[in-house]
Amino acid sequence: MIVTKDLKIEYSGSKQLSFQNLSINEGEQWLLKGDSGTGKTTLLHLLSGILTPTSGSIKVNGVYINELGQSENDQFRAKNIGLIFQKNLFVSSLNMLNNLSVAQKLAGSNVDEEYIHHLTDELNITKLIHKRPHELSQGEQQRFSIARALVNQPKIILADEPTSSLDNSNCNRFADIISQVCTMHKVTLLIATHDHRLDSRIDNLINLNQQ
Amino acid sequence: MELLKLAVAQLRAKPFNTFLSIVMFTIGMSIIGVLMHFEDSAEKRIEQDIAGIDLVVGAKGSPLQLILSSVFHADYPTGNLNLVDSEKVKKHPFVKKTIPIALGDNHKGYRIVGTTKDYANNYKAELQEGDWNKQVMEVVLGSKVAAQTGLKVGDNFTGVHGFMEHGHSHDQHPYLVTGVLKEKNSVVDRLILTQVESVWHVHGQCDHDHSGEHEHEHGEHCDHCAHHHETPAIDKVLEKVKNNEELSAEEMQLYNEHKGQLSERTYEANEQITSLLVFFKSPLAATTLPRMINQNTVMQAASPAIELNRLMSLLGAGFTTLRILAWLIIAFSAINLLVHMLNRLNQELYELALLRSLGVSRFKSLLLLLTQGGILALTGWGFSIITTRLMLVILSTLNTDLGISLNNALLKGEVYLLFYALAIGCLSALIPAVKAYNTNIHYLLNRL
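It should be emphasised that the depicted structure is a prediction, and the values quoted were computed from it without experimental measurement.

Q: Looking at this structure, I do not really get the environment of Asn21(A). What am I missing?
A: All names here are of chain A. When you line up the elements, Asn21 lands in the loop between β2 (15-18) and β3 (23-24). Look at Asn21 and you get partly exposed, because its relative accessible area is 46%. Residues Asn21 and Ile191, 170 residues apart in the sequence, show an inter-C-alpha distance of 17 Å. The residues contacting Asn21, other than those within four sequence positions of it, are Thr4, Lys5 and Asp6. Polar contacts involving the side chain of Asn21 include one to the main-chain amide nitrogen of Asp6, which spans 2.6 Å.

Written out as structure tokens, the structure reads:
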């Protein structure tokens, strides 16, 4: 599902990061670990097409995304990759239902309310869909973040430090939910984190420190 | 489409800022709109009042005054013309037709204009009721005159000398109303039309300059009244002359005056008019005829178009000042929009990063902000169209003399204003939009 080769990126003119080759199969769940500055977020952004590598290749779902143009990349990301950020980002002027449906529309697909309800039911947040983002708790927002990552039925979910601001119980609940739904929807999952609480839950590990 | 919805949603999320931006745009554009309507209405009105008159011939004096008095009936006449002189103009080969104007009196401030049927025809005047004036001392009333004075067909009224409401009243010469004209939004609405002969009849045969003597006080006698008293005296003098008797100095003067009048009367009596409206047969006349009249006769010729241009260029300074003010307000509203959008972009930078990660391309994020600027300007324009019309309704009911014709159709200028507004809205959104376009979402998301 994700295959990278000789990935290198230069930034701020002189600094350079290079990454080990990855090969992640469909439906697998991986942890991406490493100290600060080892390029966890950078790697996720390379894999999602937000950044373009200086050299090397990235094949996601059979497509070499490093060869795509900027807006093609934006569309590819919207359709194929679900992103979960460290903090929960929403369009504050829209309610949660519209926050979910806007993600479908921006990906160029039709709004599938049935699927949205199916997702919110799974995540147990259906009764909150008419609220605005600021009216929700962190945990509730996180679940909506998962719902939005899944709303376009992507092949891959990339999560960047999703548990860093959660307490233990919320962290556990998140870990449960995310592996559950990813298994259920056959989604490949890659979580970049330095949170040890997740170590025991996901078997596959990429350690950026070992380079 | 989705972009548009998103733009609207984001604007609605900050109702106060959005409202402020729209109000600023509305105020600036409303001022410009009202000015446009004023100018449009004034231009139409003037064009209608000039009604194809190529030249006005009158007594020497200020050309602007001649135009204002004879075409717009808004100023005092420059003096009188002898009919015999005006006949020469009428017979000139370049002249298609002429219409005489004889002023002198008013009724309750509305001018009694001695003229021919051609005058009414030239303004396409139509009868609302009654019939056209066929006899001397019969009049038709302009619509506004009828409405304001309450005169009806069959009523009698007397004229007051000059153009002020109060003054010497010609009580012994009542006019008869035979008709009332339809409202045409032209100068005719404010006039009382009669035959030139009626004006002569009221003023007897006296040849004094009526127009110049508008300030007649109550009790002061008009010259022709003096003539009446003189008649026996002049008869006595004439008797003496016949008998070759000696005349006193006073009698001599009387006799000379009388002789002078007689000699004038040998032309066309001493019939005078205030001015002559001239229509050219060929455009060539415009260059030759005025110069000929101004240089070779005691009359002056003035072109309504030229004089009005002169007047409008003077008034234009006021309009220009107001217009600059309005554009300044619009410029401020553009700056306000710029600051407002920059602030919001800074606050919602992460939202932009989110939208980009959800598949909004850089170009679309640029469009999103431009759309918002456009929507604000467009809404402001829409409101200004409404407020302009409201202001015009209020102004026209407050002051009916302004003669603002309520033109609810979109003026050409207002359509241009729409494009200006859109351009200004988009331009002021351009800086935030470019900022959004250049936003490095990797950097932003990394900082979360």
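Q: Explain unusual backbone geometry here, please?
A: In terms of backbone geometry, most residues other than glycine have negative phi values and most peptide bonds are trans. Residues and elements named next belong to chain B. Even without glycine at this site, Ala51 takes up a positive phi of about 45 degrees. Within the secondary structure, Ala51 sits in the loop between α2 (15-50) and β1 (55-59). Although it is not a glycine, Lys108 sits at a positive phi angle of roughly 50 degrees. Tracing the backbone shows Lys108 in the loop between β3 (95-107) and β4 (110-115). According to the relative accessible area criterion, Lys108 is partly exposed, its value standing at 45%.

Q: Is there a simple way to think about the packing of aromatic side chains in this case?
A: For any pair of aromatic rings, the description consists of the separation of the ring centres together with the inter-plane angle of the planes. All names here are of chain B. For the coordinates displayed, the defined rule picks out three aromatic pairs over all chains. Ring geometry for Trp327 versus Tyr420: centroids 5.4 Å apart, planes at 85 degrees, classification edge-to-face. With a gap of 93 residues between them, Trp327 in helix α11 (residues 304-347) and Tyr420 in helix α14 (residues 412-438) connect regions that are remote in the sequence. Sitting over the ring of Trp132, Lys117 keeps its end group 4.4 Å from the ring centre. For Arg362, the ring lying beneath its charged end belongs to Tyr437, and the centroid distance is 4.5 Å.

Q: Honestly, the interface of chain A and chain B in this entry has me stumped. Any pointers?
A: For interface size, the figure often reported is the accessible area lost on association. At the interface, 27 residues of chain A touch 23 residues of chain B. When chain A packs against chain B, close to 2,200 Å² is buried across both sides, 67% of that on carbon and sulfur atoms. For the pair chain A and chain B, the number of links is one salt bridge. For the pair chain A and chain B, the interface holds seven residue pairs in polar contact (both at pLDDT 80 or more). Those elements giving two or more residues to the side of chain A that touches chain B turn out to be α1 (40-47), α2 (70-80) and α3 (96-106) of chain A. When grouped by side-chain class, the residues that make up the side of chain A that touches chain B number 13 nonpolar, nine polar and five charged.

Q: What am I meant to see in the layout of surface pockets here?
A: Empty space left among the atoms is revealed by rolling a probe the size of a water molecule over them. Residue and element names in this part refer to chain B. Estimates place the volume of the second largest pocket at around 620 Å³. Examining the composition of the lining of the second largest pocket, we find that four residues originate from one element, helix α15 (residues 441-446), more than from any other. Across the lining of the second largest pocket, the residue classes break down as seven nonpolar, 15 polar and eight charged.

Q: What is the right way to look at empty space enclosed by the protein in this model?
A: In this structure the tally under the stated criterion is four cavities of 30 Å³ or more. Space inside the largest cavity adds up to approximately 130 Å³. Around the largest cavity sit 14 residues that line it, and Ile81(A), Gly82(A), Leu83(A), Arg148(A) and Leu358(B) are the ones nearest its centre. Mapped by element, the contributors of at least two residues to the lining of the largest cavity are α2, β7 (81-84) and α5 (138-150) of chain A together with α12 (349-357) of chain B. Top contributing element to the lining of the largest cavity by residue count: β7(A), with three residues. A per-class count over the lining of the largest cavity returns nine nonpolar, three polar and two charged.

Q: Even after reading the chapter, I still don't get the sheet that holds β7(A), so can you show me in this structure?
A: Hydrogen bonds between backbone atoms are what pair the strands of a sheet, whose relative direction is either parallel or antiparallel. Residues and elements named next belong to chain A. One open sheet accounts for five strands, arranged β7-β8-β9-β4-β10; its pairing is parallel. The sheet is open, and its two borders are formed by β7 and β10 (204-207), each paired with just one other strand. Pairwise comparison of adjacent strand axes, ignoring direction, gives a mean angle of 20 degrees for this sheet. Pairing between strand β4 (residues 29-33) and β10: four bridges, direction parallel. Counted as the bridge partner of Trp30 is Asn204 from β10.

Q: Is there a simple way to think about α2(B) in this case?
A: An α-helical turn contains 3.6 residues, so any two residues separated by three or four positions project in the same direction. Between the first and last C-alpha of α2(B) there are 51 Å, a value that for 36 residues agrees with the 52 Å anticipated at 1.5 Å per step. Positive backbone phi, approximately 45 degrees, marks Ala51(B), located one or two places after α2(B).

Q: Looking at this model, I keep getting lost on the pattern of salt bridges. Mind explaining?
A: Note that side chains of opposite charge can pair when their charged atoms are close. Enumeration according to the criterion identifies 15 salt bridges over all chains in this entry. Here Asp176(A) ties to Arg201(A) by a salt bridge, and the two come within 2.6 Å at their closest N and O atoms. One end of the pair, Asp176(A), is in helix α6 (residues 168-184); the other, Arg201(A), is in the loop between β9 (188-192) and β10, and 25 residues separate them in sequence. For Lys14(B), the salt bridge goes to Glu348(B), with nearest N and O atoms at 3.3 Å. Here the residue Lys14(B) occupies a position in the loop between α1 (2-13) and α2, and Glu348(B) occupies one in the loop between α11 and α12, the gap between them amounting to 334 residues. The partly exposed category is assigned to Lys14(B), whose relative accessible area is 23%. Taken together, the shared-partner salt bridges in this structure form one network comprising Asp74(A), Arg77(A) and Arg356(B).

Q: How should the domain arrangement of chain B be read in this particular structure?
A: Residues and elements named next belong to chain B. As far as domains go, chain B holds domain 1 (2-47 + 319-446) and domain 2 (55-217 + 267-302). Distance between the C-alpha centres of domain 1 and domain 2: 51 Å. Here domain 1 meets domain 2 over a buried area of about 350 Å², counting both sides, of which 40% is carbon and sulfur. Between domain 1 and domain 2 we count zero salt bridges in total. Linking domain 1 with domain 2 are zero residue pairs in polar contact (both at pLDDT 80 or more), by the criterion used here. Of the residues contributing to the side of domain 1 that touches domain 2, the split by class is one nonpolar, one polar and two charged.

Q: Where do I start with the confidence of the model for chain B in this structure?
A: The predicted coordinates of low-pLDDT regions are not to be read in fine detail. All names here are of chain B. Per-residue confidence for chain B gives a mean pLDDT of 80, with 87% of residues at or over 70. The secondary structure element of chain B with the lowest average pLDDT is helix α8 (residues 223-242), at 58, and the one with the highest is strand β6 (residues 138-141), at 89. Long-range and interchain partners of residues 263-268, a stretch whose pLDDT sits below 50, account for eight contacts in this model, where long-range means more than four residues apart.

Q: Explanation requested: the packing of α2(B) against α14(B) in the structure shown.
A: Each pair of packed helices can be summarised by the angle the axes make with each other and by the distance between the axes. Residues and elements named next belong to chain B. With their axes 11 Å apart at the nearest point, α2 and α14 run at an angle of 160 degrees to one another. Accordingly, the angle class assigned to the pair α2 and α14 is roughly antiparallel. Two packed elements cross with a definite hand, and for α2 against α14 that hand is right-handed. Listed contacts from α14 to Phe25, Met29, Ile32, Met36 and His37 of α2 are Gly413, Glu414, Leu417, Ala421, Ile424 and Gly425. Looking at the contact of α2 with α14 residue by residue, the classes come out as seven nonpolar, three polar and one charged.

The rules behind each value
Residues numbered from 1 in each chain as written. Chains lettered and ligands numbered in written order. Predicted model: local features only at pLDDT ≥ 70, side-chain atom pairs only at ≥ 80, totals over all residues. Heavy atoms only, no water. Helix = DSSP H or I, 4+ residues; strand = E, 2+ residues; numbered from the N terminus. Buried < 20%, exposed > 50% of the residue type's maximum accessible area, 1.4 Å probe, protein only. Contact = heavy atoms within 4.5 Å. Polar contact = N/O pair within 3.5 Å; in protein donor to acceptor, adjacent residues only side chain to side chain. Phe/Tyr/Trp six-rings, centres within 6.5 Å; stacked < 30°, edge-to-face > 60°. Lys NZ or Arg CZ within 6 Å of the ring centre and 35° of its normal. Buried area = accessible area lost by both parts, 1.4 Å probe. Salt bridge = Lys/Arg side-chain N within 4 Å of Asp/Glu carboxyl O. Nonpolar A, V, L, I, M, F, W, Y, C, P; charged D, E, K, R; others polar. 1 Å grid on protein atoms, 1.4 Å probe; cavity = no way out; pocket = protein on both sides within 12 Å on 5 of 7 lines; lining within 4 Å. Points joined across faces, edges and corners; volume = space filled by probe spheres on them. Pairing = 2+ DSSP bridges. Axes fitted to C-alpha atoms, helices over the stretch in contact; angles between N-to-C directions. Expected span 1.5 Å × (residues − 1). Domains from an automatic or database assignment. pLDDT = per-residue confidence, 0-100. Parallel < 35°, antiparallel > 145°, perpendicular 65-115°, else oblique. Left-handed = near helix turned anticlockwise from the far one by under 90°.

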